[in-house]
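# Examining the three-dimensional arrangement
Below, each chain spelled out in residue letters.
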Amino acid sequence: MARLTPAAADPATPAAPRGSQSPQSPQSPRSPQSAQSPQNLPAPRSPRSPRSPRSPRTPRSRWRPWVLGLAGLYFLVPLAASVVFTVDVPGRGLTLDAYTEIVGTEGFTTSLLLSLGLAAVTIAVVLLLMVPALVALRLGAPRLRPLVETVCSLPLVVPPIAFVAGLGTVLKWGPEHLARTPLFQTFVALQNPDFPVVLVLAYVVMALPFTYRALDAGLRAVDVRTLVEAARSCGAGPVRALVTAVLPNLRGALMNAAFLTLALVLGEYTVAQLLGFRPFAVWIVNISGSQAQMSVAVSVLSLLVTWMLLLALAGAGGRTPGARRRSRTRTAKG
């Protein structure tokens, strides 16, 4: 049988059209690179992200519970020792007489009410001075902020002994040189034992660093200029814009400043003692010589009250009115 062989290409035969898909067409070379389409190519692998430095397996997170535990022991062990000292009476066992006799002790109610009154007036004065000043500073003169911060931080640098020494010198100089002037009665009123206004003035100066820090942090968290401009565009005056637009957004900062001032007034001893007055802190020290257990019991109670106020402040300042309404709505629906 004759073997069939493909015939050679005839030069007279017309060329195949360009769109033909003949296997010997030079326009469609069959190479391994062109055999795989882009759709069939494997997707590139994404590089693995490095392990976070704060993952639970890092040594830092392992030491964190130990550090917090040591800090808790540092604060709780002395407090527990103080509580044991107040309730453990030699020869009588455990008793709560040191706590039950506090209210009936002479001078407790008077000194506590005096300190609370001084704290209330000091909080009002320092907020009335600092809030408008810081708002005006942020709106009109932001370049003066370092100067104001330095002035407000000076009470932390000046020792209380030096501060009260200068204050006492002024109080002694005034009545001697102004005895025949109307200002003499002013110096007498400042040193009234029932309500010493001079302590309010001293506490306002001493509370400036804490108040400034609390209010400055609150003002940085809000856009004061936009709030004031929006209130002024609605027809509000400067005072009304401050009260209705700025102060509601500074509720947490105001509460922090008030709490720090209250803690300062209730625990301040040096200025009041050297000026000859007897608020709550001075009363605690005075009774410690004759009734040591009661003085420690009062200190423990004041510390616990301060902690409760701090927790209440953190809970009230950390939630906005809108969040409270939403939480109440979820509770009602649930």
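Small disclaimer: the values here were computed from a predicted structure and weren't measured.

A word on the confidence of the model for the protein. Across the protein, pLDDT averages 77, with 76% of residues at or above 70. Ranking the helices and strands of the protein by mean pLDDT puts helix α8 (residues 197-220) first, with 92, and helix α15 (residues 321-333) last, with 47. A low-confidence stretch, residues 1-37 (pLDDT under 50), is modelled with four contacts involving residues beyond four sequence positions or located in other chains. Note that pLDDT drops below 50 for residues 320-329; the model gives that stretch six contacts with residues more than four away or on any other chain.

This part is about the packing of helix α4 (residues 108-140) against helix α9 (residues 224-233). In contact at an axis separation of 10 Å, α4 and α9 are set at 95° when each is read in the N-to-C sense. On the basis of their axis angle, the class for α4 and α9 is roughly perpendicular. Only Val 224, Arg 225 and Val 228 of α9 make contact with α4, whose side of the interface consists of Val 135, Arg 138 and Leu 139. Of the residues that constitute the contact of α4 with α9, the class distribution is four nonpolar, no polar and two charged.

This part is about α8. Over its 24 residues, α8 extends 33 Å from the first C-alpha to the last, a length consistent with the 34 Å expected when each residue adds 1.5 Å. At Leu 208, α8 is deflected by roughly 45°, the largest bend along its length, and proline Pro 209 occurs up to four residues later in sequence.

We now examine the layout of surface pockets. If you add up the space inside the largest pocket, you get close to 520 Å³. Considering the residues around the largest pocket, the lining is formed by 26 residues, among which Ser 299, Leu 301, Ser 302, Leu 303 and Thr 306 are closest to the centre. The biggest single contributor to the lining of the largest pocket is helix α14 (residues 292-317), with ten residues. Broken down by class, the residue content of the lining of the largest pocket amounts to 21 nonpolar, five polar and no charged.

What follows is about the packing of helix α5 (residues 145-157) against α8. Taken N-terminus to C-terminus, the directions of α5 and α8 make an angle of 140°; their axes are 6 Å apart at the nearest point. For the element pair α5 / α8, the angle class is oblique. Regarding α5 and α8, the two cross each other, and that crossing is left-handed. Residues Arg 145, Val 148, Glu 149, Cys 152, Ser 153, Pro 155 and Leu 156 of α5 touch α8, and the partners they reach there are Val 205, Met 206, Leu 208, Pro 209, Phe 210, Tyr 212, Arg 213, Asp 216 and Arg 220. The residue makeup of the contact of α5 with α8, split by class, is ten nonpolar, one polar and five charged.

This next bit is on the pattern of salt bridges. Pairs can form between side chains of opposite charge whenever their charged atoms are close. Under the defined criterion, the tally for this structure stands at five salt bridges. Across the pair Arg 138 and Asp 216 runs a salt bridge, and its minimum N-O distance is 3.5 Å. With Arg 138 in helix α4 and Asp 216 in helix α8, this pair connects stretches of sequence that are 78 residues apart. Take Arg 138: its relative accessible area is 28%, and that puts it in the partly exposed class. A salt bridge links Arg 145 to Asp 216; the nearest nitrogen and oxygen atoms lie 3.1 Å apart. Here the residue Arg 145 occupies a position in helix α5, and Asp 216 occupies one in helix α8, the gap between them amounting to 71 residues. Salt bridges sharing partners connect three or more residues here, namely Arg 138, Arg 145, Glu 149, Arg 213, Asp 216 and Arg 220.

Procedures and definitions
Residues numbered from 1 in each chain as written. Predicted model: local features only at pLDDT ≥ 70, side-chain atom pairs only at ≥ 80, totals over all residues. Heavy atoms only, no water. pLDDT = per-residue confidence, 0-100. Helix = DSSP H or I, 4+ residues; strand = E, 2+ residues; numbered from the N terminus. Contact = heavy atoms within 4.5 Å. Axes fitted to C-alpha atoms, helices over the stretch in contact; angles between N-to-C directions. Parallel < 35°, antiparallel > 145°, perpendicular 65-115°, else oblique. Nonpolar A, V, L, I, M, F, W, Y, C, P; charged D, E, K, R; others polar. Expected span 1.5 Å × (residues − 1). Bend = angle between axes of the 7 residues up to and from the residue. 1 Å grid on protein atoms, 1.4 Å probe; cavity = no way out; pocket = protein on both sides within 12 Å on 5 of 7 lines; lining within 4 Å. Points joined across faces, edges and corners; volume = space filled by probe spheres on them. Left-handed = near helix turned anticlockwise from the far one by under 90°. Salt bridge = Lys/Arg side-chain N within 4 Å of Asp/Glu carboxyl O. Buried < 20%, exposed > 50% of the residue type's maximum accessible area, 1.4 Å probe, protein only.

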